[in-house]
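Here are the chains, one letter per residue:
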Amino acid sequence: RSGADQAGLDGLIFGATASMTRADAVLMGALAAVSIALAVVLHRPLIAAAFNRRFARASGLPLRMIDGGLAALAAAVALAGLQAVGMLLVVAVLVIPPTAARLWTATTGRLLWLSAALGAVSAWIGAALSAALPNAPAGAIIVLVAAALFTASLLAAPRRGILAGWARRRALGRRLGASDPSGPEASRG
């Protein structure tokens, strides 16, 4: 065995999904349910605190309590994810799904639900692939699936995707070329 494996660093970095118990899964599910409930209930105050602190302060929102609660919730989610995906990969799982979701929507409500769905799909597909592939750490596979979903979103999102931007630039180039008397059509004649 390697020194890193003996020290437990492999489990810390990549997680130990195979050694999770039913109680661990129930705890993670409960934490996910609490997180979703808090995000739904506190949606407006969180948005106000995040995007317009002057308005939030003038509205009498307890900004320190909101900031502290959000930090505590993020820490709890990160701690719960340690066993499933490992310390380093939990950051990727927290960042990639919302980043991919942002490519598809501009509204915070849809962003919340879509990022949760992308995270859940990444976890489900990644865990299934890890179970099917021998010696494949679930945490790394989950992050790779999330990265693949992000890449697909980056390419295919209808407004912010690379292909949509390319199509818009191409259409604009055609319109500009057609309206320019010194454009490509004029040189052919």
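Higher on the page you've got the structure.
Residues numbered from 1 in each chain as written. Predicted model: local features only at pLDDT ≥ 70, side-chain atom pairs only at ≥ 80, totals over all residues. Heavy atoms only, no water.

Engineer: Sorry if this is basic, but what is going on with unusual backbone geometry here?
Structural biologist: For residues that are not glycine, phi is negative in most cases, and the peptide bond is trans in most cases. Non-glycine residue N135 carries a positive phi angle of around 60°. Tracing the backbone through its elements, the reader meets N135 in the loop between α8 (108-132) and α9 (138-156). Among the residues examined, N135 registers a relative accessible area of 81% and is labelled exposed. (Helix = DSSP H or I, 4+ residues; strand = E, 2+ residues; numbered from the N terminus. Buried < 20%, exposed > 50% of the residue type's maximum accessible area, 1.4 Å probe, protein only.)

Engineer: Just checking my understanding: could you explain the nonpolar core for this structure?
Structural biologist: One broad trend across soluble globular proteins is that nonpolar side chains are buried collectively. Ranked by size, the top nonpolar core spans nine residues in total: V85, L89, V90, A92, I96, A140, I142, V143 and A146. Only α7 (87-102) and α9 provide two or more residues apiece to this core. With residues up to four places along the chain from it excluded, the contact list for I96 reads V143, A146, A147 and F150. Within the second largest apolar cluster, five residues are counted, among which are A48, A56, L63 and I66. (Core = buried A, V, L, I, M, F, W, Y, C linked by side-chain atoms within 4.5 Å. Contact = heavy atoms within 4.5 Å.)

Engineer: Sorry, what's going on with the environment of A120 here?
Structural biologist: For A120, the location among the structural elements is in helix α8. Overall, A120 belongs to the partly exposed group, its relative accessible area being 46%. Along the primary structure A120 and V93 are separated by 27 residues, whereas in three dimensions their C-alpha atoms are 10.0 Å apart.

Engineer: Whenever I open this one, the layout of surface pockets confuses me. Can you help?
Structural biologist: Over the atoms, a rolling probe the size of a water molecule traces out where space has been left empty. By volume, the largest pocket amounts to about 1600 Å³. Surrounding the largest pocket, 46 residues form its lining, S35, V77, L94, S115 and A116 being those nearest its centre. Contributing elements (two or more residues each) for the lining of the largest pocket: α3 (22-41), α4 (43-51), α6 (63-85), α7 and α8. For the lining of the largest pocket, the residue count by class is 33 nonpolar, 10 polar and three charged. (1 Å grid on protein atoms, 1.4 Å probe; cavity = no way out; pocket = protein on both sides within 12 Å on 5 of 7 lines; lining within 4 Å. Points joined across faces, edges and corners; volume = space filled by probe spheres on them. Nonpolar A, V, L, I, M, F, W, Y, C, P; charged D, E, K, R; others polar.)

Engineer: Is there a simple way to think about α9 in this case?
Structural biologist: Residue pairs three or four apart in sequence face the same way in an α-helix, which turns once every 3.6 residues. The end-to-end C-alpha distance of α9 is 27 Å, a good match for the 27 Å that 19 residues give at a rise of 1.5 Å each. Within the span of α9, buried status applies to A138, G139, A140, I141, I142, V143, V145, A146 and S153. (Expected span 1.5 Å × (residues − 1).)

Engineer: Help me understand the side chain of S130, please; the structure alone is not making it clear to me.
Structural biologist: If you trace the backbone, S130 turns up in helix α8. Within the structure, S130 has its side chain in polar contact with the backbone oxygen of A136 (distance 2.7 Å). (Polar contact = N/O pair within 3.5 Å; in protein donor to acceptor, adjacent residues only side chain to side chain.)

Engineer: Explanation requested: the side chain of S35 in the structure shown.
Structural biologist: Inspection of the secondary structure puts S35 in helix α3. Those residues in contact with S35 that lie beyond four places of it in its chain are L73 and V77.

Engineer: I keep staring at the environment of P45 and nothing clicks. Help me out?
Structural biologist: In this structure, P45 sits in helix α4. The spatial distance from the C-alpha of P45 to the C-alpha of S59 is 9.6 Å, given a sequence separation of 14 residues. Residues in contact with P45, not counting those within four places in the same chain, are L61 and I66.

Engineer: Could you clarify how one ought to interpret α3 in this entry?
Structural biologist: Its 20 residues give α3 an end-to-end C-alpha distance of 28 Å, which sits within 8% of 28 Å, the value for a rise of 1.5 Å per residue. Within α3, burial applies to L31, S35 and A39. Considered in projection along α3, the buried side chains sweep an arc of 65° and stay on one side of the axis. Among the exposed residues of α3, those pointing more than 90 degrees away from its buried face are R22, A23, V26 and V41. (Arc of directions from axis to C-beta.)

Engineer: Which parts of the structure should I look at to understand the packing of α7 against α8?
Structural biologist: How two helices pack is summed up by the angle between their axes together with the distance between the axes. The N-to-C vectors of α7 and α8 enclose an angle of 130°; their axes lie 8 Å apart at closest approach. With respect to α8, the axis of α7 lies oblique. Once α7 is placed against α8, the crossing between them reads as right-handed. Facing P97, P98, A100, A101 and R102 of α7, the residues of α8 in contact are L111, L114, S115, L118 and G119. Partitioning the contact of α7 with α8 into residue classes produces seven nonpolar, two polar and one charged. (Axes fitted to C-alpha atoms, helices over the stretch in contact; angles between N-to-C directions. Parallel < 35°, antiparallel > 145°, perpendicular 65-115°, else oblique. Left-handed = near helix turned anticlockwise from the far one by under 90°.)

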